Amino acid sequence: MTWNWDYVWESIPLLLEGLLVTLELTVVGSLLAYVLGLVFALIRRARIPVLSQLMYLFIEVVRSTPLLIQVFIIFYLLWPALHITPSAFVTGVIALGIHYATYTAEVYRAGIEAVPKGQWEAATALSLPRQRVWTGVILPQAVPRVVPALGNYMISMFKETPLLISIGVLDVLNRAKEQGAETFQVLEPYTLAGILFLLISYPSSILVRRLERRVGQL
Amino acid sequence: MSDSTSNIISSILSGLGATVYATVGGVALTIVLAFVAGLAMLSPSRTVRVISRIYVEGFRGTSEVVQLFWLFFVLPALVGFKLVPLFAGIIVLGLNHGAYGAEIVRGAVQSVPRAQQEGAVALSLSPAQRMRRVILPQAVVEMLPPFNNLFIQLMKSTALLYFISAGEITEKGELLRPVYGSRLVLIYGVELLCYLAIAVVITFIMRTLERVLSRRLGRAMPTRQRAWARAGAPG
């Protein structure tokens, strides 16, 4: 089997179409993970009897078990139980969002704990209402510090999206597979898929590293 | 226990062996590659550093699933023979997580205080002795918690071997799904419990190792938030 450039140029448009889906999944999934993660972290912190413990258990179970199985559970078990039929894309976003929220919850927790105790005391001394303490004092200091970590999780998620081909999401890998099945030439499409992942994740990780250095100076 | 219940449980457990093999094999390969590439990144030779950098960035930057597909579907077309699925899986798990592990090794070795290195030089130990007897024993203790995360991550990645039909837990479960459509809670519940159990075992082993090795260095075990299994995301 030899490398065929004509075939490469032919495959690229379809692969880029798939890449767009992969990127959409990553961006929407990450946004969901960022929001849910904060909710998870706040629920755990609130020390609400039963609920906080259940949250802890949920986080531990989700992060210690494979994402692939969680995708299957949502797709084959949860949706039928709820009598709804969301698309594979929506299923993917939700699975990625929940799975990564269990990581980002930990990131937020660490970020919140890193806010000096004096800030809490000052907020109490000013008798700010509870909500203002969070939105006006704690979160504005905690969130910028965790941005690089959140960025890293987006890159990780990007590289994990291809497992969604198991439920038929038409991402880069699935497009590559399609091409390979059509022409029986698998070398070019799969190699290109790998290169596309590298082309996006490597510069992104350098960007995050730079961000880390800047946040480190805060 | 009804017939279908015991049938489902025994079917899924029949995949436990492959999952454990993949995890143990992957972990072994990860440790070897992580140390080789991690120490190579600290080599005085520029060529060695560049080669190890290319390995680390190459495997971290391309998706693990894509690597699995490449090794299993493309490589046979190139070299003319097919790898046994479980074996191909172990290679990809090891190559991928070895790249992440290399950064752990590099970081831990660099975190050993400079004075230790200087002290070893003053004792006129050879470079190999300095690494083996002074730097590594201290660095390894630092590596254990991040390696714990990495190994749990690897264990979770064994589910990806479903794509190449390596006969592990996830695949066994999916084979049952069309037959026992009404018993999905049991199927997925048993699968989750299997993975949780392996995660707990990995964490237990790593924590024990950490305790033993810190004691040998005369350090107290650092107190960390108690968790029965700690997993991070792929870095």
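Rules used in this analysis
Residues numbered from 1 in each chain as written. Chains lettered and ligands numbered in written order. Predicted model: local features only at pLDDT ≥ 70, side-chain atom pairs only at ≥ 80, totals over all residues. Helix = DSSP H or I, 4+ residues; strand = E, 2+ residues; numbered from the N terminus. Buried ≥ 20, exposed ≤ 12 C-beta atoms within 10 Å, placed from the backbone. Contact = placed C-beta atoms within 7 Å. Bend = angle between axes of the 7 residues up to and from the residue. Axes fitted to C-alpha atoms, helices over the stretch in contact; angles between N-to-C directions. Parallel < 35°, antiparallel > 145°, perpendicular 65-115°, else oblique. Left-handed = near helix turned anticlockwise from the far one by under 90°. Nonpolar A, V, L, I, M, F, W, Y, C, P; charged D, E, K, R; others polar. Core = buried A, V, L, I, M, F, W, Y, C linked by C-beta atoms within 7 Å. pLDDT = per-residue confidence, 0-100.

**Student:** Which residues make up the overall build of chain A, and what values go with them?
**Tutor:** Scanning chain A for helices and strands turns up 8 helices and 0 strands. When the helices and strands of chain A are listed from N to C terminus, the series reads α-α-α-α-α-α-α-α. Taking the principal axes of its C-alpha atoms as reference, chain A extends roughly 70 × 45 × 25 Å. Burial status across chain A gives 42% buried among its 218 residues. Taking contacts inside chain A between residues at least 6 apart in sequence as the whole, the part at least 24 apart equals 78%.

**Student:** Requested: an account of the overall build of chain B, with residues and values cited.
**Tutor:** Each helix and strand counted, chain B has 9 helices and 0 strands in total. Put simply, chain B runs from its N terminus to its C terminus through helices and strands in the order α-α-α-α-α-α-α-α-α. Its C-alpha atoms put chain B at 70 × 45 × 20 Å along the principal axes. Within the span of chain B, comprising 235 residues, buried residues form 43% of the whole. The contacts in chain B between residues at least 6 apart in sequence include a share of 80% that link residues at least 24 apart.

**Student:** If you had to explain helix α3 (residues 67–82) of chain A to someone new, which residues and values would you point to?
**Tutor:** Largest kink in α3(A): about 35 degrees, centred on A:I74. Taken residue by residue, α3(A) has A:L67, A:L68, A:I69, A:Q70, A:V71, A:F72, A:I73 and A:F75 as its buried positions. Considering only its buried residues, α3(A) is in contact with α2 (51–64), α4 (88–113) and α6 (130–160) of chain A together with α8 (169–176) and α9 (184–216) of chain B. Positive phi shows up at A:H83, right after α3(A), with a value of about 55 degrees.

**Student:** Describe the packing of helix α2 (residues 16–40) of chain B against helix α7 (residues 127–157) of chain B, with residues and values.
**Tutor:** All names here are of chain B. Orientation of α2 relative to α7, taken along the N-to-C sense of each, is 135 degrees, at an axis distance of 9 Å. Of the possible angle classes, the one that applies to α2 and α7 is oblique. Note on packing geometry: the crossing formed by α2 with α7 is right-handed. Contact with α2, carried on its side by T23, G26, V27 and T30, involves F151, L154 and M155 of α7 and no other residues of that element. The residue inventory of the contact of α2 with α7, partitioned by class, reads 4 nonpolar, 3 polar and no charged.

**Student:** Can you explain the nonpolar core? Please cite residues and give values.
**Tutor:** Counting 114 residues, the largest nonpolar core has A:L68, A:Y190, A:A193 and B:L160 as the members making the most contacts within it. With residues near it in sequence (within four places) discarded, A:L68 still touches A:L163, A:S166, B:A159, B:L160, B:Y162 and B:T170.

**Student:** Give me the lowdown on the interface of chain B and chain A, citing residues and values where you can.
**Tutor:** Opposite the 36 residues of chain B that make contact, chain A presents 31 residues. When contributions to the side of chain B that touches chain A are tallied by element, the ones reaching two or more residues are α3 (46–61), α4 (64–79), α7 and α9 of chain B. The element contributing the most residues to the side of chain B that touches chain A is α4(B), with 9 residues. In the side of chain B that touches chain A, the residues fall into 25 nonpolar, 6 polar and 5 charged.

**Student:** Talk me through unusual backbone geometry; I want residue IDs and the actual numbers.
**Tutor:** Residues and elements named next belong to chain B. Positioned with a positive phi, S124 is a non-glycine residue whose angle comes to about 50 degrees. Considering the arrangement of structural elements, one finds S124 in the loop between α6 (114–122) and α7. Judged by local crowding, S124 falls into the exposed class, with 8 C-beta atoms found within 10 Å. At S165, a residue that is not glycine, the phi angle is positive and equals roughly 50 degrees. With respect to the secondary-structure elements, S165 resides in the loop between α7 and α8.

**Student:** Go over the environment of B:R130 with me, naming the residues and quoting the values.
**Tutor:** Residue and element names in this part refer to chain B. Along the chain, R130 turns up in helix α7. Of the residues examined, R130 has 19 C-beta atoms within 10 Å and is grouped as partly exposed. Leaving out residues up to four positions away in the same chain, R130 has contacts with Q117, A120, L125 and I135.

**Student:** Which residues make up the confidence of the model for chain B, and what values do they have?
**Tutor:** All names here are of chain B. Across chain B, the average pLDDT comes to 91, with 93% of residues at 70 or higher. Here α6 is the element of chain B with the lowest mean pLDDT, 89, and α2 is the one with the highest, 97. In the model, residues 225–235 has pLDDT below 50 throughout and makes 32 contacts with residues more than four positions away in sequence or in other chains. In the model output, the complex is listed with pTM 0.92 alongside ipTM 0.91.

**Student:** Give a description of the environment of A:A142 that names residues and reports values.
**Tutor:** All names here are of chain A. When you line up the elements, A142 lands in helix α6. Taking the C-alpha atoms as reference points, A142 and Y108, 34 residues apart in sequence, are found 7.4 Å from one another. The residues contacting A142, other than those within four sequence positions of it, are Y108, G111, I112, A114 and V115.

**Student:** Just give me the short version of the environment of A:S30, but keep the residues and values in it.
**Tutor:** By the secondary structure assignment, A:S30 is in helix α1 (residues 5–45). Separated by 80 residues in sequence, A:S30 and A:A110 have C-alpha atoms that sit 19 Å apart.

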